[in-house]
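This is what each chain is made of:
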Amino acid sequence: MSTPTSDILIIGGGVAGLTLALMAAEHFSVTLVRPEHDEKGASRWAQGGIAAALSPEDSLEAHIQDTLIAGDGLCNEQAVRFTVTHGPEAIQWLIDNGVPFTPDTTDGARYAYHLTREGGHSARRVIHADDATGRALIDTLSHKAAQHPRIHQRNDLTMLGLLQDDDGGCRGAYGLDAQHQLHRLTAYNTVLATGGASGLYQHTTTPSPSSGEGMIMAAELGAPLMNLEFQQFHPTSLYDPDGPAFLISEAVRGEGGYLLDEAGKRFMPALDPRAELAPRDVVARAIDAQIQKSNLGHVWLDIRHLGERAIHHHFPTIVAHCAARGMDITRQPIPVVPAAHYSCGGIATNHQGATQVPNLYAVGEVAYTGLHGANRMASNSLLECLVYARSCAQALREKKAPHWKNSTPSGPERLATLSPPDQDMLMALRHELRCIMTQHVSIVRSSAGLKTAQHKLAELSMRLNEGPVDQCSLEGIQLRQALLLAKLTVAAAVTRRESRGLHYSTDWPSGQPATAPSCLTLADLTPGTVA
Ligand code: SIN
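In this report, the structure presented in the accompanying data block is examined. In this text the structure is predicted, and so the values were computed from the model without any measurement.

A closer look at the packing of aromatic side chains
As enumerated under the stated definition, the model contains 4 aromatic pairs in all. Ring geometry for Phe101 versus Tyr113: centroids 6.1 Å apart, planes at 75 degrees, classification edge-to-face. Of this pair, Phe101 sits in the loop between α4 (87-96) and β4 (115-116) while Tyr113 sits in the loop between α4 and β4, and the two are 12 residues apart along the sequence. By the ring-pair criterion, three or more aromatic residues cluster together here, those being Phe101, Tyr111 and Tyr113.

See the structure below:
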């Protein structure tokens, strides 16, 4: 192999991957591997919007302070300042690229676009495209990427691992096509934009979230993973046992929605002065407690008092989805439950998205930048995708191309095809994995519960290792990756001997004075328990 497939390989086609592809393609050849359908991944389903200090009534400092408060003492302040400061220019880039943000048409509006409010924000600062911001971003950016002569898109591959050279650097990735043919895509620099790990849980806010596959690919090359214990549960996903996963945006509470208990009474004002707009960890825990003590299985989110016109104006997507599921939300409160939504932890990266593995970068939810701390503030995630994709593109532009050795990087020679019974068995094991994580490693945790999770995950590994299934198959590799990430998540939760942000344990009090982000590598898993 004398030359790489492309200068830059990007795996993941959400907002982070697309932004990086468009910016990097100004200078380099780019291969962008994305799923055939945008329904996969989380970006498309983001409703609320992007947080940035845009209004003259807001300030960068206020956005910084709100983010630090929501992060419950565990944000990296430098990362927060870096992200927030670069927010307005990232939004301007989107506007220049034609993203159809909702204008503010009110008389005397101080900013051209409507800004909504969400939990933890002390000002209106969330720019949005109705209640389908992710869809607007993906449609606009993917259209541009499809037309770009230097972006070569591969929609036919599932990437399974990274290629490594003799010096430990990343040289690209390998994956399978639908016919189970193995493909190696080589590149000077590789960027993971593969999303978070909410797919480790049973109930999620998006229909097919990732399960941390990208995090494990990086960990396999030695990259540390940080703050995995901070898995965010969005307080309000639609309670619809027979329907698809569906988020009810925090903007619904931002525009004045009330959370009601079984008896139809508001419960948040008694718990927190910020009431329904307290940070997500606080609201999700309060809802979980209500659900535990009622027979309803959910709480209510009521917006009837906003009036039919305002509801249709602000939330056309939510109105339409609920109507299709038989609910008229202008006349009845919405049944809601918390669901796994966002991974605050991920691959340790710097401000340019560089990991500790040479030539390997990570941007978006797969990365840990230090921005979110112990709890992500609403709408800071798309902001992070944009800011770090842009700074990563700039860093790649300024970087000298790594020396390309004329040798074949590591990686498997063959991958197996599974028979239907083996696929069924793997699906059953994956279901068990999700049940374990949901029962023991979700909104409220305990030391005993985490210990049980450790035992059950170890037992699951044994069954996977000893079963008849060929693990060199797509499904086998992906389940193994999910199991590894689940184990690392539990290990991180066990080591955090305090309750903080999204990690709430009945055995540990809130906020120990000395705290630090957790940081684990695959070597930290007890020998013998590696899946
Ligand atoms: C929402 O609309 O509530 C989701 C936005 C986010 O998670 O930041």
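Digging into the site of the ligand
As a structural note, the neighbourhood of the ligand is formed by 13 residues, with His234, Ser249, Glu250, His341 and Ser379 the closest of them. Contacts to the ligand include Gly48, whose backbone N or O atom sits 2.8 Å from an oxygen atom. Interatomic distance of 2.9 Å between a side-chain N/O atom of Arg280 and an oxygen atom of the ligand. Class assignment for the residues of the shell around the ligand results in 2 nonpolar, 7 polar and 4 charged.

A closer look at the sheet that holds strand β5 (residues 126-127)
The 3 strands are arranged β3-β5-β4 in an open sheet whose pairing can be described as antiparallel. Each having just a single partner strand, β3 (50-51) and β4 make up the two edges of the open sheet. Bridge count for β3 against β5 is 2 bridges, and the pairing is antiparallel. Within β5, the position partnered with Ala51 by the bridge is Val126.

A look at the pairing of strand β14 (residues 334-343)
Counted residue by residue, β14 has 10 buried out of 10 residues, so it is predominantly covered. For strand β11 (residues 231-238) and β14, the ladder comprises 6 bridges, and the chain directions are antiparallel. Looking at β14, one finds that His234 is bridged to Ala339.

Quick word on the pairing of strand β8 (residues 170-176)
Successive residues of a regular strand alternate their side chains across the two faces of the sheet. Counting buried residues along β8, 7 of its 7 residues qualify, which places the element largely inside the surrounding structure. Of the pairings in the sheet, the one linking strand β7 (residues 158-164) to β8 comprises 6 bridges and is antiparallel in character. Along β8, the bridge assignment pairs Leu162 with Ala173. Pairing analysis gives 5 bridges linking β8 to strand β9 (residues 182-192), with the strands arranged antiparallel.

Side note on the nonpolar core
One broad rule of soluble globular proteins: the nonpolar side chains tend to lie buried together. Counting residues in each nonpolar core, the largest one holds 59 residues, and the members touching the most others are Leu162, Leu192, Leu200, Ile347, Leu433 and Met437. If we skip the residues at most four places from it in the chain, Ile347 touches Leu192, Gly214, Met215, Ala218, Ala223, Pro224, Leu225, Thr355, Ala362, Val366, Ala367 and Tyr368. Counting residues in each nonpolar core, the second largest holds 49 residues, with Ala21, Ile50, Leu94 and Val191 among its members.

As for the pattern of salt bridges
Applying the stated criterion to the full structure yields 22 salt bridges. Notably, a salt bridge pairs Arg496 with Glu229, separated by 2.6 Å at the nearest N-O pair. With Arg496 in the loop between α14 (474-495) and β18 (519-520) and Glu229 in the loop between β10 (225-226) and β11, this residue pair connects regions lying 267 residues apart in the sequence. The same class applies to Arg496 as to Glu229, namely buried. One network of salt bridges, with partners in common, ties together Glu229, Arg496, Glu498 and Arg500.

A word on the side chain of His372
By the secondary structure assignment, His372 is in the loop between β17 (367-368) and α11 (380-398). Of note is the side chain of His372, whose polar atom sits 3.1 Å from the side chain of Tyr342. Among residues more than four places away in sequence, those in contact with His372 are Gly71, Cys75, Tyr342, Cys344, Asn380, Ser381 and Glu384.

As for α4
Each α-helix turn comprises 3.6 residues. Residues three or four places apart therefore point the same way. Considered for burial, the residues of α4 that qualify are Gly87, Ala90, Ile91, Trp93, Leu94 and Ile95. Tucked into the core, α4 has its buried residues touching α1 (15-24), β3, α3 (77-85), β5, α5 (133-147) and α11.

Points about the side chain of Ser142
Within the element layout of this structure, Ser142 appears in helix α5. Among the polar contacts listed, one links the side chain of Ser142 to the backbone oxygen of Ile138, at a separation of 2.6 Å.

Description of the sheet that holds strand β13 (residues 299-302)
Overall, antiparallel pairing links the 4 strands, which are arranged β11-β14-β13-β12 in an open sheet. Edge positions in the sheet fall to β11 and β12 (258-260), since each of these pairs with one other strand and no more. Sheet twist, expressed as the mean angle between neighbouring strand axes with direction ignored, is 45 degrees. Its contacts with the sheet put helix α8 (residues 280-293) on β11, β12, β13 and β14, and the angle it makes with β11 is roughly 60 degrees.

Some thoughts on the environment of Arg376
If you trace the backbone, Arg376 turns up in the loop between β17 and α11. According to the relative accessible area criterion, Arg376 is buried, its value standing at 2%. Separated by 96 residues in sequence, Arg376 and Arg280 have C-alpha atoms that sit 7.9 Å apart. Polar side-chain contacts of Arg376 include one of 3.4 Å to the side chain of His341.

Rules and cut-offs
Throughout this description, residue numbers start from 1 for each chain and increase along the sequence as written. pLDDT decides what is reported in this predicted model: residues at 70 or higher carry local features, side-chain atom pairs at 80 or more are listed and counted, and totals for whole chains, interfaces and linings draw on all residues regardless. The basis for every side-chain value is the complete set of non-hydrogen atoms in the structure, without hydrogens or water. Within 6.5 Å between ring centres, the rings of Phe, Tyr and Trp (the latter by its six-membered ring) count as paired, and their orientation is classed by plane angle as stacked under 30 degrees, edge-to-face over 60, tilted in between. Strands here are runs of E lasting at least two residues and helices are runs of H or I lasting at least four, both read from the DSSP assignment and numbered beginning at the N terminus. Residues are labelled near a given molecule or strand when at least one of their non-hydrogen atoms is within 4 Å of it. Contacts described as polar in this section are N or O atom pairs within 3.5 Å, which, within protein, must combine one atom able to donate a hydrogen with one able to accept it, while residues neighboring in sequence count only if both atoms come from side chains. Gly counts as polar in this scheme, as do all residues outside two lists: the nonpolar Ala, Val, Leu, Ile, Met, Phe, Trp, Tyr, Cys and Pro, and the charged Asp, Glu, Lys and Arg. We call two strands paired when DSSP finds no fewer than two bridges between them. With a 1.4 Å probe rolled over the protein chains alone, any residue whose accessible area is under 20% of its type maximum counts as buried; one over 50% counts as exposed, and the rest are partly exposed. Buried Ala, Val, Leu, Ile, Met, Phe, Trp, Tyr and Cys residues form a nonpolar core when they are joined through side-chain atoms within 4.5 Å. Contacts between residues were defined by any pair of non-hydrogen atoms, one from each residue, lying within 4.5 Å. One speaks of a salt bridge when a side-chain nitrogen belonging to Lys or Arg is within 4 Å of a carboxyl oxygen belonging to Asp or Glu. Under this scheme, a helix contributes an axis fitted over its contacting stretch, all axes are lines through C-alpha atoms, and angles between N-to-C directions fall in the 0 to 180 degree range.

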